[in-house]
Amino acid sequence: MKAASVATAGSLAGTKLLGLARPEGARTIAANDHIQLALIGAGIQGQYDTRTAIQVPGVKLVAVSDCYQGRLDHAKEMWGDDIFTTKHYEEILSRKDVDAVLIATPDHWHKQVSIDAMNAGKDVYCEKPMIHLYEDGPQMIEAARSTGRIIQIGSQRVSSQIYAKAKELLAAGAIGELNLVNARWDRNSAMGAWDYTVPLDANEQTCDWPRFLGTAPKIPWNAEHFFQWRKWKAYGSGVAGDLFVHLFSGTHFITGAKGPTRAVASGALRFWKDGRDAPDVMLGIFDYPEGFNLSLRVNFVDGGEESEGLIFTGSEGTMEIGNGKVSVTRAPREKGPGVTVGTFAEAMQKEVTEAYEKKYPKEHPTGLPPLGEDKYVAAEGYSDSYDHFHNFFNAVRSRKPVVEDAVFGYRAAGAALLSNLSYERDAVVHWDPVAMKIV
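Residues numbered from 1 in each chain as written. Predicted model: local features only at pLDDT ≥ 70, side-chain atom pairs only at ≥ 80, totals over all residues. Heavy atoms only, no water.

A.B. asks: Quick question: what am I supposed to make of the pattern of salt bridges here?
C.D. replies: Where charged atoms from two side chains of opposite charge come close, those side chains can pair. Applying the stated criterion across every chain yields a total of 19 salt bridges. A salt bridge links D123 to R399, with the nearest nitrogen and oxygen atoms 2.7 Å apart. Placement of D123 in strand 5 (residues 123-127) and of R399 in the loop between helix 11 (384-398) and helix 12 (406-425) is noted, with a sequence separation of 276 residues between them. For R399, a relative accessible area of 25% puts it in the partly exposed group. Among the ionic pairs, E168 bridges to K165, the shortest N-O distance being 3.0 Å. Separated by three residues within a single helix, E168 and K165 lie in helix 6 (residues 161-171), roughly one turn from each other. Residue E168 is classed as partly exposed on the basis of its relative accessible area, which comes to 47%. Each of the salt bridges in this network shares a partner with another, and the network as a whole consists of D195, K231, D274 and R276. (Salt bridge = Lys/Arg side-chain N within 4 Å of Asp/Glu carboxyl O. Helix = DSSP H or I, 4+ residues; strand = E, 2+ residues; numbered from the N terminus. Buried < 20%, exposed > 50% of the residue type's maximum accessible area, 1.4 Å probe, protein only.)

A.B. asks: I'm lost on a nonpolar patch on the surface in this one. Help?
C.D. replies: A cluster of nonpolar residues, V264, I285 and V428, forms a patch on the protein surface that exposes about 200 Å² of accessible area. Within the secondary structure layout, V264 lies in strand 8 (residues 262-268). For V264, a relative accessible area of 31% gives the class partly exposed. (Patch = residues over 30% accessible without salt bridge, like charges linked within 9 Å, V, L, I, M, F, W, Y side chains within 5 Å. Areas by Shrake-Rupley, 256 points an atom, 1.4 Å probe, with all protein chains shown as cover.)

A.B. asks: Looking at this structure, how should I read the confidence of the model for the protein?
C.D. replies: Low pLDDT means the predicted coordinates in that region are not meant to be read closely. Per-chain confidence: the protein averages 92 in pLDDT, with 92% of residues scoring 70 or above. Considering only residues more than four positions removed or in separate chains, one finds that residues 1-23, a stretch of pLDDT under 50, has 57 contacts. (pLDDT = per-residue confidence, 0-100. Contact = heavy atoms within 4.5 Å.)

A.B. asks: Help me out: how do you make sense of the nonpolar core in this one?
C.D. replies: When a protein is soluble and globular, its nonpolar side chains tend to lie buried together. The biggest cluster of nonpolar side chains holds 83 residues, and the ones touching the most others in it are V101, F248, I254, F312, M319 and I321. Element by element, the count of residues in this core is highest for helix 12, at 10 residues. Residues in contact with M319, not counting those within four places in the same chain, are A166, L169, L170, I175, I254, L310, I311, F312, V326, S327 and V328. (Core = buried A, V, L, I, M, F, W, Y, C linked by side-chain atoms within 4.5 Å.)

A.B. asks: Can you walk me through the sheet that holds strand 1 (residues 35-40) in this structure?
C.D. replies: The strands making up a sheet associate through backbone hydrogen bonding, with each pair oriented either parallel or antiparallel. Taken together, six strands build an open sheet; the order of strands is 3-2-1-4-5-6 and the sheet is parallel. Both outer strands of the open sheet, strand 3 (84-86) and strand 6 (151-154), are each paired with one neighbouring strand and no more. On average, each strand axis in the sheet is tilted by 20° relative to the strand beside it, whichever way the strands run. Two strands pair when backbone bridges link them, and strand 1 and strand 4 (residues 100-103) are joined in this way by four bridges, in the parallel orientation. Its bridge partner being in strand 4, I40 is matched across the sheet by I103. (Pairing = 2+ DSSP bridges. Axes fitted to C-alpha atoms, helices over the stretch in contact; angles between N-to-C directions.)

Quick look at the structure:
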């Protein structure tokens, strides 16, 4: 299938991904019709996403594509023998009964499968990070614009009721003027560090190795590369693309920012020295034109509990997100700066103190005490992944914009991948978040 033409990133800022002319192969979905969904990339994330997606009322899984036969067999075990399975995703895109596709392939396949799907008249839910290379972003945005198809990027924090509450609190001035965001995503396990199990039947007969490689460098069959692909930058985007991008998405959603203008990152392989070329510890610092800094950390050897969280610091308090809740702790600044006169002569101490007390007279608080701490907790069993899919399928039915379109997804992934760029160049890098390009 012919890929969409490339547009310049600068011309795409503010693009609204609304329905245009309906491509050949797209069908109109009535309000009471099932949305027919296909999964492309049935690994760990793809299967998890699909189990969540089909919980949304009115959604039916009809097809699955993966390069490993064992996952296709398991798809039938989970979802029924009538599920169409194939190692060739193009066969799914040619089916008239597929309305939307869920793309959970390795990162280096996101662009091509997404563009092919939109050109085939399918709406797209694409896992994060949206891009593997910077040039992927403008092509995916242009494909969405030219085909009129819905595309949502899978950073589910954008649909979270916790993050929505945080956005509301920040806008209401709950912590004053924002100046710093600290975010972390720490892990301390082999699975957390992408050391996934390789099946006993992994070979070139059960796995379509050439198709998996795609645009990646051609190397001999390697089962670890196939099943643990996140470890290598030829297929994945490191901790920046896998985890930083969630923190960027959440920060951008809450603050309304489009992205940083300056980035510097440092990292290394500290522990998981198993042949991978992606760091297992990375730190990044980013400047935002809105007047705050963002500090990010991923540590795959944190020596303690695995955790994720963000702390927003303002002039009058802090707001913390983590463990299914958002909490605000307020500490308003004093009205006067105070005095440090102890080293002055007594006469000068008295003169300065009297002048200060005249300028800042003592006040006796009245009424109820001010609210010092506020906490909002999601209900037990709440899933922002479910909400994200619910929002996506609503957009598929209504043709209204999604909550995380390709422009938002590119800005989040583009910002995240600045970390890899800075790490590789050993230098500060600059980004134009409006035009969405390296400067």
